[in-house]
Amino acid sequence: QVQLVESGGGLVQAGGSLTLSCAASGRTFSTYNMGWFRQAPGKEREFVAAISWSGTMTYYADSVKGRFTISRDNAKNTVVLQMNSLKPEDTAVYYCAAGPRYFSETYNPGNYNYWGQGTQVTVSS
């Protein structure tokens, strides 16, 4: 069992940066592949980034590649999403998730077992 709590969302101007954090509880955090997803009003939840349980592999959606960076600290049970060069189209509720058995499955939200409550990111133009 893993509980996830996101923080760090807020309002930022286009071109700015935000850092989202996901704090996990549970002794098995370090065994989970982790992902960040986002959902804008009226749209489906979409994949943003993923990191393997060891932190050695990462994967990004094309829309955020080169602007966002995912990282994790298994000693602190945290996953961080550093977001730079933000655009208005990045506006969404961002969710942290844990679960896929294989890293190749991390793009699909249906493969995740645990989700946080989400944090709002709003980028003004």
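Below, the structure is looked at part by part.

What counts, and at which threshold
Residues numbered from 1 in each chain as written. Predicted model: local features only at pLDDT ≥ 70, side-chain atom pairs only at ≥ 80, totals over all residues. Heavy atoms only, no water. Phe/Tyr/Trp six-rings, centres within 6.5 Å; stacked < 30°, edge-to-face > 60°. Helix = DSSP H or I, 4+ residues; strand = E, 2+ residues; numbered from the N terminus. Buried < 20%, exposed > 50% of the residue type's maximum accessible area, 1.4 Å probe, protein only. Pairing = 2+ DSSP bridges. Axes fitted to C-alpha atoms, helices over the stretch in contact; angles between N-to-C directions. Salt bridge = Lys/Arg side-chain N within 4 Å of Asp/Glu carboxyl O.

Once that is clear, we can look at the packing of aromatic side chains. Aromatic ring pairs are reported here in terms of the distance separating the ring centres and the angle at which the planes meet. Following the criterion strictly, the structure yields seven aromatic pairs and no others. Relative to Phe47, the ring of Phe37 lies with its centre 5.7 Å away and its plane at 75°, an arrangement referred to as edge-to-face. Here Phe47 lies in strand S5 (residues 46-51) and Phe37 lies in strand S4 (residues 34-39), a separation of 10 residues in the sequence. Each member of the pair, Phe37 together with Phe47, is buried. Aromatic side chains Phe37 and Trp115 sit 5.2 Å apart centroid to centroid with 55° between the ring planes, which places their arrangement in the tilted category. Of the two residues, Phe37 is situated in strand S4 and Trp115 in strand S10 (residues 114-115); the sequence distance between them amounts to 78 residues. Its relative accessible area of 0% is what places Phe37 among the buried residues.

Moving on, we get to the sheet that holds strand S8 (residues 78-83). Across the sheet, which stays open at both edges, the four strands sit in the order S1-S3-S8-S7 with antiparallel pairing between neighbours. Strand pairing shows two members of the sheet lacking a second neighbour, strand S1 (3-7) and strand S7 (68-73), which therefore form its edges. Direction aside, neighbouring strands of the sheet carry axes that sit 15° apart on average. Of the strand pairs in this sheet, strand S3 (residues 18-25) and S8 are connected by six bridges, and their pairing is antiparallel. Residue pairing across strands places Ser21 opposite Val80, the latter belonging to S8.

A few words now on the pattern of salt bridges. Scanning all chains against the criterion turns up four salt bridges. Two residues, Glu46 and Arg38, come together in a salt bridge whose shortest N-O distance is 2.6 Å. Judged by relative accessible area, Glu46 falls into the partly exposed class, the value being 35%. One salt bridge connects Asp90 with Arg38, and the closest N-O pair in it is separated by 2.9 Å. Residue Asp90 is found in the loop between S8 and strand S9 (92-98), and its partner Arg38 is found in strand S4; the two are separated by 52 residues along the sequence. Each member of the pair Asp90 and Arg38 is classed as buried.

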